[in-house]
Amino acid sequence: MNTTVSPVVDFAEPMSPWHIFFSPRGRIPRKIFWIYGVVVPLALGAYAHGVLSIAGVREQAVELVLNAGLLWSALAVSAKRWHDRNKSGWWALLQFVPVIGTLWTLVENGLLRGTPGPNRFGDDLTGQL
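Residues numbered from 1 in each chain as written. Predicted model: local features only at pLDDT ≥ 70, side-chain atom pairs only at ≥ 80, totals over all residues. Heavy atoms only, no water.

Participant: If you had to explain the environment of Gly127 to someone new, which residues and values would you point to?
Facilitator: In this fold, Gly127 is placed in the segment after helix H4 (100-111). Relative accessible area serves as the criterion here: at 76%, Gly127 is assigned to the exposed category. Separated by 96 residues in sequence, Gly127 and Lys31 have C-alpha atoms that sit 9.0 Å apart. (Helix = DSSP H or I, 4+ residues; strand = E, 2+ residues; numbered from the N terminus. Buried < 20%, exposed > 50% of the residue type's maximum accessible area, 1.4 Å probe, protein only.)

Right, here's the structure in full:
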C-alpha cells in the first residue's frame, strides 16, 4: 500500500483581496498599498463613474455613492499599511486632515518601508504578495 501523498501546490495568497479591502487587521507592504489602495480604487471609481453616468444618475449622486463605497476599503488598506510601519491603524484617520494629513499618509504609507521582520501586527509580507 502506497501512503505517499502527492504534493499540492498552494497558489493562494497569504491575504485575499477581500481581506485587503475589508479588514483592518494585518500588514501589507508598499506594493500592495499602491495596487489595492491607489490603482484599483481609481480604476473602479472611473469605471463606476462611467457606468452610473451612462445610466443617467446625477453627478452628485455618483460622487456620493463612489465615495461611500470606497471609504471603508481605503481606511482598511491604510490601517494595514500603518500596521506595517508598526503604528496603530487609527493613524489611517489622518487622511481626513486636509493637505498635511493626505501628504503625511502618502509619504508614510506609500514611500517608507515597513518594519523588517515580524511586529505586533503580524509577519512581514514584503516579497510574499
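Participant: Please set out the layout of surface pockets residue by residue, giving values where relevant.
Facilitator: Approximately 560 Å³ is the volume found for the largest pocket. As for the largest pocket, its lining consists of 23 residues, of which Gly37, Val38, Pro41, Ala74 and Gln95 are closest to the centre. Of all the secondary structure elements, the ones that give two or more residues to the lining of the largest pocket are helix H2 (30-54), helix H3 (59-84) and H4. Looking at the lining of the largest pocket, its residues break down into 14 nonpolar, nine polar and no charged. Every residue along the wall of the second largest pocket is listed here: Pro24, Arg25, Trp72, Leu75, Ala76, Ala79, His83, Gly89, Trp90, Ala92 and Leu93. Classifying every residue of the lining of the second largest pocket gives eight nonpolar, two polar and one charged. (1 Å grid on protein atoms, 1.4 Å probe; cavity = no way out; pocket = protein on both sides within 12 Å on 5 of 7 lines; lining within 4 Å. Points joined across faces, edges and corners; volume = space filled by probe spheres on them. Nonpolar A, V, L, I, M, F, W, Y, C, P; charged D, E, K, R; others polar.)

Participant: Explain the nonpolar core residue by residue, including any values.
Facilitator: Residues Met15, Ile20, Phe21, Ile28, Ile32, Phe33, Tyr36, Val77 and Leu125 constitute the largest nonpolar core, which totals nine residues. Elements that contribute at least two residues to this core include exactly helix H1 (17-22) and H2. The next biggest cluster of nonpolar side chains, apart from the first, holds five residues, and it includes Leu75, Ala79, Ala92 and Leu94. (Core = buried A, V, L, I, M, F, W, Y, C linked by side-chain atoms within 4.5 Å.)

Participant: Could you give an account of unusual backbone geometry, naming the residues involved and the relevant values?
Facilitator: Of note in this structure, Asn86 is not a glycine but carries a positive phi near 65 degrees. Of note in this structure, Val99 is not a glycine but carries a positive phi near 55 degrees. Among the structural elements, Val99 can be located in the loop between H3 and H4.

Participant: Any chance you could break down the packing of aromatic side chains for me, citing the residues and the numbers?
Facilitator: Summed over all chains, the structure comprises six aromatic pairs. Measuring from centroid to centroid gives 4.5 Å for Trp18 and Phe22, while their planes differ by 50 degrees, and the two rings are tilted. Note that Trp18 and Phe22 are positioned in helix H1 at a spacing of four residues, about one turn of the helix. A residue is classified by how much of its surface remains accessible, and Trp18, at 64% relative accessible area, is exposed. Under the relative-accessibility criterion, Phe22 is labelled partly exposed at 39%. Aromatic side chains Phe21 and Tyr36 sit 5.3 Å apart centroid to centroid with 75 degrees between the ring planes, which places their arrangement in the edge-to-face category. Residue Phe21 is located in helix H1, and its partner Tyr36 is located in helix H2; the two are separated by 15 residues in the primary sequence. By way of ring pairs, the aromatic residues Trp18, Phe21, Phe22 and Tyr36 are connected into one cluster. Just above the ring of Trp91 sits the side chain of Lys87; from NZ or CZ to the centre is 5.2 Å. (Phe/Tyr/Trp six-rings, centres within 6.5 Å; stacked < 30°, edge-to-face > 60°. Lys NZ or Arg CZ within 6 Å of the ring centre and 35° of its normal.)

By themselves, these figures tell us nothing about what the structure is for.
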